[in-house]
Amino acid sequence: MPASLSEALSPAGMPLSVPFPPALNTIFYGPPGTGKTRQALHILREHFTDHQEKESEAQRLERLVHPVIWRDVICAALHELGDSATVPHLRSHPLIDAKYRCTEGKLTHARLWNNLQIHSPTDSKTVHLAHKYPPILFDKLNDGASTWTLLPGWEDEAPGAMELLDKLGQEPLASGHEEKRYACVTFHQSYSYEEFVEGIRPVFADEDTDEDAEYALRDGLFKRICAQAREHPDKKYALLIDEINRGNISKIFGELISLIESSKREGAEDAMNVTLPYSGEDFSVPGNLYLMGTMNTADRSLALMDTALRRRFSFERIDPDPSVLEGMFIEGINLERLLRVLNERIEVLYDKEHAIGHAYFLCVRNVDDLAEVFSKKIIPLLEEYFFDDWEKIRLVLGDNQKMQGMDELCLLVEEDCGVRLFGEEAGGTLPPRRSLNKDALLNARAYIAIYDPAEAGR
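Residues numbered from 1 in each chain as written. Predicted model: local features only at pLDDT ≥ 70, side-chain atom pairs only at ≥ 80, totals over all residues. Heavy atoms only, no water.

## Focus: the overall build of the protein chain
Along the protein chain, the regular secondary structure elements total 19 helices and 18 strands. Going through the 458 residues of the protein chain one by one, you find that 50% of them count as buried. Across the protein chain, the fraction of contacts at a sequence separation of at least 24, relative to all contacts at a separation of at least 6, is 67%. Carbon and sulfur atoms provide 50% of the accessible area of the protein chain, an area that totals close to 22300 Å². (Helix = DSSP H or I, 4+ residues; strand = E, 2+ residues; numbered from the N terminus. Buried < 20%, exposed > 50% of the residue type's maximum accessible area, 1.4 Å probe, protein only. Contact = heavy atoms within 4.5 Å. Areas by Shrake-Rupley, 256 points an atom, 1.4 Å probe, with all protein chains shown as cover.)

Quick look at the structure:
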């Protein structure tokens, strides 16, 4: 049985050795503030990251071209090829190839062709395009071979190309390089199959221009990480889906929902593949790709969680762990006892799925920090949980147990303003108006009184 993720933290909340994902498809779930995403990221960094003494030449080129816009990369490559080349020759240049590897999706020659044509002269005899934009950098020769050439003065119009060429010759391989074998995404209501798997999406000629988009078939995140895992079967890859229950699972996964099962993966006994609707490709999921998700049990969208997805994932629960706060005292406030008592009351009044996570308290260093956490996070969370039922919120905060003469320690204050606002006949039956007691929020004894009123009264 794998160690629970909550055991992977030191008493101060720092990560220790993190266990490997307990299953090929795993969802970490629990109340808010338990550090589900944080701990999943620790797994990715420890088990799905290669630490190299030096980066490879291919990695160096990707690092250099990644921040450079397409037209400047093309200028640099053309210059290295003697200021002229055909598109196939240009496409095979290491700088262009590296830029394509950095570019999201399956774009064939769209970026390269578009930039060459858009940045050609308006009076070009060989490039007949309705919309062209400055700077004017390229033209196609009328030589029967479709050779593209750099135009005079390109150095002044493409400073990024000159800087790239300088770095190419001078900047060495980086040391202490990390290569990630994982990707992360957060699901939301409008996230789609086209973004996750593949689809027809707009492609712009360059990142900093406003010209009309063209449309091309682009691979989504899941398909790209599958391709990487397939290319390196000796290594393990991972995809983290944060807030997995917030997306429309049937819409996002489509026909792939069956392929992620361990028994349906590539090389398995019941291996399965499907034909993708856009590209027409046969597709399957490699067996070395781990899928991880996070899920907040207090989220009301949890009820909409697709049962097909539930059946294909193992579930690892992460509960609030007050012991993480052991030994943490703020002006006499025992944070471990404070969290433990709050959650015991919430479990009785509501349920354990709506407990408060230990992560809310990990960065608390003084009473001011604690007041910020209570006023802007915990009390608003309780308002949402109990639908503004202030009597239950008072019970959770222990205001009802603060003895006579300790009103200044109540975190909520009441004001009987009904008679003043509506008169005796109507106002006498109205509930009091409640608000935060700002003085109590900055009083350490008010928090001690939540778990030990007698001690706070001494």
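## Focus: the confidence of the model for the protein chain
For the protein chain, per-residue confidence averages 85 on the pLDDT scale, and residues scoring 70 or more make up 87% of the total. Contacts of residues 1-16 to residues separated by more than four positions or lying in other chains number 37 contacts, the stretch itself having pLDDT below 50. (pLDDT = per-residue confidence, 0-100.)

## Quick word on helix 8 (residues 159-170)
Taking 1.5 Å per residue as the helical rise, helix 8 with its twelve residues ought to reach 16 Å, and the 17 Å between its terminal C-alpha atoms agrees with that figure. Taken together, the buried positions of helix 8 are occupied by G160, A161, L164, L165 and L168. Angularly, the buried residues of helix 8 cover 140° about the axis, an arc narrow enough to put them on a single face. In helix 8, the exposed positions that point more than 90 degrees away from the buried face belong to P159, G169 and Q170. On its buried face, helix 8 sits against helix 2 (57-65), helix 3 (70-80), helix 5 (94-102) and helix 7 (154-157). (Expected span 1.5 Å × (residues − 1). Arc of directions from axis to C-beta.)

## Section: the sheet that holds strand 13 (residues 289-296)
Spatial ordering of the open sheet is given by 7-10-13-1-14, a layout of five strands whose pairing is parallel. Taken across any chain shown, the strands that pair with only one partner, and hence form the sheet edges, are strand 7 (182-186) and strand 14 (314-317). Direction aside, the axes of adjacent strands within the sheet are offset by 20° on average. Two elements, strand 7 and strand 10 (residues 237-242), share five bridges in a ladder whose sense is parallel. Paired with Y182 across the bridge in strand 10 is A238. Contacts from helix 1 (residues 36-47) reach strand 1 (25-30), strand 7, strand 10 and strand 13, with the element oriented near 165° to strand 13. Sheet strands in contact with helix 10 (residues 221-231) are strand 7, strand 10 and strand 13, and its direction is about 160° off that of strand 10. (Pairing = 2+ DSSP bridges. Axes fitted to C-alpha atoms, helices over the stretch in contact; angles between N-to-C directions.)

## Some details on the packing of aromatic side chains
In the structure shown here, the tally under the stated rule is 18 aromatic pairs. The aromatic ring of Y100 is capped on one face by R91, whose charged end is 4.0 Å from the ring centroid. (Phe/Tyr/Trp six-rings, centres within 6.5 Å; stacked < 30°, edge-to-face > 60°. Lys NZ or Arg CZ within 6 Å of the ring centre and 35° of its normal.)

## Quick word on the pairing of strand 10
Most of strand 10 sits inside the fold, with six of its six residues counted as buried. As judged from the five bridges shared by strand 10 and strand 13, these two strands associate in the parallel manner. By the bridge assignment for strand 13, L239 is matched with L291.

## Considering helix 3
A large share of helix 3 lies buried, amounting to nine of its eleven residues. For helix 3, every residue scored as buried is listed here: W70, R71, D72, V73, I74, C75, A76, A77 and L78. Looking one or two residues beyond helix 3, the residue adopting positive phi is G82, at roughly 90°.

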